[in-house]
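Breakdown of the fold
Read off the chains here:
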Amino acid sequence: MIRRAFGDLDRVLRGEKTQLKDLRDGTVDVSFPGLTSVVAILGAVSGLCMGVFALFRDPPVWQQTLASAVKVPLLFLLTLIITFPSLYVFNALVGSRLRLVALSRLLIASLGVTVSVTAAFGTIIAFFSVSTTSYPFMVLLNVAVFAVAGLLGLHFLLQTLHRITTLNQPETTDPDNPASQMPPEPAGEAQPKDQATRAFAPGPLEPLNGLVLAGHVKAVFRCWIIVFALVGAQMSWVLRPFIGSPNSPFAWFRERKSNFFEAVMNAMGNLF
Amino acid sequence: MTGLPLRHRVRGWVDDLLRGQAHGHTSPRALVMILVFCGSGYGLVMGSFGGNPWQMGYSAVKVPMLLAVTFVVSLPPFFVLNTLLGLRGDFRQVLRALVAAQAGLTIILLSLAPYTMLWYASSAHYSAAVAFNSLMFGTASLTSQLLLIRYYRPLIARNPNHRLMLRTWILIYAFVGIQTGWMARPFIGSPRHPAVFLRADQWTNAWVVVSRLFRNLLAGS
């Protein structure tokens, strides 16, 4: 199952699971339990790379490395669990045809993209963890990597949602763009109007011209993305520490005080 | 080409590489050999400032190591980003372009080595030697970017997303490379200090140092 799930993730990253012809059933064809396991594994890899910083303290704090490997997957999955119910409810309320299973598969696929990026940047995180003693720098670097990964994952989510819902919605027009219309039944690989010059299949992050998402569905997802980012940021603060400050002994969790945004501002101040 | 003497083949490889024609003719192994040989060659020259053979040896090892470590650390995120942009099918060619540009960088560096030797023969100031080598590395890096762009042209013509990835590679590589170079000091070796492979204070961060210098500059101190 895990091997197949990694294969699914690879095809998601290549865009082979999100071509229009693959989304006709209104869902991303991936195994939810399998991809969840892959998210956990790649999240653990990201956490291990983050926790390398603690291995180069004097004395090394291997418990921090282990804790980070456990907490990073928890961070992503808990954020999803917290924000999913409201997304499903509001999505259904505005009349989106995306049902529970399809929505959960779409979200786990976008989480898969996010953790793939964080795990891939793990080499750079680990490299700087080995080569620097600056804790504020490591905090900011990790925040930057997670922010980029989050943006890419959410961009994937929006693009795929766009493709799924416009394939499955009744005719509708975007009030901001009166010239928009539903595309005709796609023939094989549905392509934008510049197909004559386009010799390659679009990747999973590429917008397809001529597809319009209904305004209310777009609004729900945009709000959800902001909520997801805020919840994710604060969840990371609640679950801290991930890197392990050299000035503090190891602890699984720190006391409740301050917030994520204040901590980032403090790190920037300490860096400069 | 395989029947020719080695020196003719090497000359052919170098010539093809500099002209942006390494794709079809130069094997990956040849590219790596060029990188190691030319990188070590410049490292030997770089480390000769103090006349210490140990420093020369250390620098000969560290210059190709610097390039290799930076490359290996930067590659995984670059691979995933290429995949996300639908460029996985071209990655073999991308990899070849990147390795060819790295090898080109070392050839350019080695070609600038005579200037470094002349500088060392003309001046005994350590900080001037550091500045001059920085200039040589900067010149070689900028020129190798032109080479990289030349190798990327057919890729960009095939898919414009390669242009974004080329810029991303340059950013990631520079970000990691500057830290790697900082960590791997000394390369030139001050005559007042014994030759060492790595400095005792290597566990500092180049970006933190630069940001503090910048802050001090702005503060006027």
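Throughout this description, residue numbers start from 1 for each chain and increase along the sequence as written. Think of it this way: whatever chain is written first is A, whatever ligand is written first is 1, and the rest follow in order. pLDDT decides what is reported in this predicted model: residues at 70 or higher carry local features, side-chain atom pairs at 80 or more are listed and counted, and totals for whole chains, interfaces and linings draw on all residues regardless. Neither water nor hydrogens contribute to the side-chain values; these are computed over all heavy atoms in the structure.

**A word on the overall build of chain B**
To qualify as a helix, a DSSP run of H or I must reach at least 4 residues; to qualify as a strand, a run of E must reach at least 2; elements of each kind are numbered from the N terminus. When helices and strands are tallied, chain B shows eight helices and zero strands. For chain B, the succession of helices and strands along the chain, N to C, is α-α-α-α-α-α-α-α. Residue exposure (1.4 Å probe, protein chains only): buried if accessible area is under 20% of the type maximum, exposed if over 50%, otherwise partly exposed. Looking at chain B as a whole, 48% of its 221 residues qualify as buried. Long-range contacts, defined as pairs at least 24 residues apart, comprise 72% of the intrachain contacts of chain B with a sequence gap of at least 6. Using a 1.4 Å probe, the Shrake-Rupley method yields the accessible areas, and only the shown protein chains count as cover for residues. For chain B, the accessible area works out to roughly 11,200 Å², and carbon and sulfur atoms hold 69% of it. Whether two residues are in contact is decided by their heavy atoms, any of which lying within 4.5 Å being enough.

**Here we look at the confidence of the model for chain A**
Averaged over every residue, the pLDDT of chain A is 80; the share at 70 or more is 83%. For residues 171-197 of chain A, every residue scores under 50 in pLDDT, and the model assigns this stretch 26 contacts once sequence neighbours within four places are set aside. One confidence number per residue, pLDDT, is output by the predictor and ranges from 0 to 100.

**Examining the interface of chain A and chain B**
The interface of chain A with chain B comprises 28 residues on the first partner and 30 residues on the second. Buried area: the accessible surface (1.4 Å probe) lost by two parts on joining, summed over both. Taking both sides of the interface into account, the surface hidden between chain A and chain B amounts to around 2,500 Å²; carbon and sulfur atoms contribute 71%. For this document, the term salt bridge refers to a Lys or Arg side-chain nitrogen within 4 Å of an Asp or Glu carboxyl oxygen. Where chain A meets chain B, there are one salt bridge. Here a polar contact is taken to be a pair of N or O atoms separated by no more than 3.5 Å, where protein atoms must pair a possible hydrogen donor with a possible acceptor and residues adjacent in sequence count only if both atoms sit in side chains. Along the contact surface separating chain A from chain B lie three residue pairs in polar contact (both at pLDDT 80 or more). Those elements that place two or more of their residues in the side of chain A that touches chain B are helix H1 (2-14), helix H4 (100-120), helix H5 (122-131), helix H6 (135-168) and helix H8 (260-271) of chain A. At six residues, the largest contribution of residues to the side of chain A that touches chain B is made by H5 of chain A. For this classification, the nonpolar set comprises Ala, Val, Leu, Ile, Met, Phe, Trp, Tyr, Cys and Pro, the charged set comprises Asp, Glu, Lys and Arg, and every other residue, Gly included, is treated as polar. Across the side of chain A that touches chain B, the residue classes break down as 17 nonpolar, eight polar and three charged.

**A look at the packing of H1 of chain A against helix H2 (residues 32-55) of chain A**
Residue and element names in this part refer to chain A. Where H1 contacts H2, the axes come no closer than 8 Å and their chain directions differ by 85 degrees. Classed by the angle they form, the pair H1 and H2 counts as roughly perpendicular. Residues Ile2, Ala5, Phe6 and Leu9 of H1 form the contact with H2, whose participating residues are Gly34, Leu35, Ser37, Val38, Ile41 and Leu42. When its residues are assigned to classes, the contact of H1 with H2 shows eight nonpolar, two polar and no charged. An axis is simply a line fitted to the C-alpha atoms; with a helix, the fit covers only the stretch in contact. Between two such axes, the angle follows the N-to-C directions and lies from 0 to 180 degrees. Just so you know how the angles are binned, under 35 degrees is roughly parallel, over 145 roughly antiparallel, 65 to 115 roughly perpendicular, and the rest oblique.

**Examining the pattern of salt bridges**
Tallied over the full model, the rule gives seven salt bridges over all chains. A salt bridge links Arg14 of chain A to Glu16 of chain A, with the shortest nitrogen-to-oxygen separation between them at 3.7 Å. Residue class for Glu16 of chain A comes out partly exposed when judged on its relative accessible area of 39%. With its nearest N and O atoms 2.6 Å apart, the salt bridge here joins Asp90 of chain B to Arg158 of chain B. Residue Asp90 of chain B is located in the loop between helix H4 (53-84) and helix H5 (91-122), and its partner Arg158 of chain B is located in helix H6 (residues 126-158); the two are separated by 68 residues in the primary sequence. With a relative accessible area of 40%, Arg158 of chain B lands in the partly exposed category.

**A word on H6 of chain B**
If you check H6 of chain B, its first and last C-alpha atoms are 48 Å apart, about what 33 residues at 1.5 Å a residue would give, namely 48 Å. Two axes are fitted around each residue, one to the seven residues ending there and one to the seven starting there, and the angle between them is reported as the bend at that residue. At Tyr152 of chain B, H6 of chain B is deflected by roughly 40 degrees, the largest bend along its length, and proline Pro154 of chain B occurs up to four residues later in sequence. How far a helix is expected to stretch is found by multiplying one less than its residue total by 1.5 Å.

**Quick notes on the packing of aromatic side chains**
For Phe, Tyr and Trp, where Trp contributes only its six-membered ring, two rings pair if their centres lie within 6.5 Å, and the inter-plane angle classes them as stacked under 30 degrees, edge-to-face over 60, or tilted in between. Using the criterion set out here, one finds 19 aromatic pairs over all chains in the structure. The structure contains a cluster of three or more aromatic residues connected by ring pairs, namely Phe71, Phe78, Phe79, Phe91, Trp169 and Tyr173 of chain B. We call a charge positioned above a ring when the Lys NZ or Arg CZ atom is no farther than 6 Å from the ring centre and deviates by at most 35 degrees from the ring normal. Directly above the ring of Phe253 of chain A sits Lys71 of chain A, whose terminal nitrogen or CZ lies 5.2 Å from the centroid. In this structure, Arg185 of chain B packs its charged tip against the face of Trp182 of chain B, placed 3.8 Å from the ring centre.

**What about the nonpolar core?**
Residue and element names in this part refer to chain B. For this analysis, a nonpolar core means a set of buried residues of the types Ala, Val, Leu, Ile, Met, Phe, Trp, Tyr and Cys, connected via side-chain atoms within 4.5 Å. Grouped together as the largest cluster of nonpolar side chains are 126 residues, with contacts concentrated most on Phe78, Leu98 and Tyr152. The element best represented in this core is H5, accounting for 15 residues. Among residues more than four places away in sequence, those in contact with Phe78 are Phe91, Val94, Leu98, Tyr152, Met165 and Trp169.

**As for the environment of Phe221 of chain A**
Residue and element names in this part refer to chain A. With respect to the element layout, Phe221 can be found in helix H7 (residues 215-239). Residue class for Phe221 comes out buried when judged on its relative accessible area of 0%. Taking C-alpha positions, Phe221 is 28 Å from Leu141, a pair spaced 80 residues apart along the chain. Discounting chain neighbours no more than four positions away, the residues touching Phe221 are Leu87, Asn91, Leu98, Leu103, Leu157, Leu158 and Leu161.

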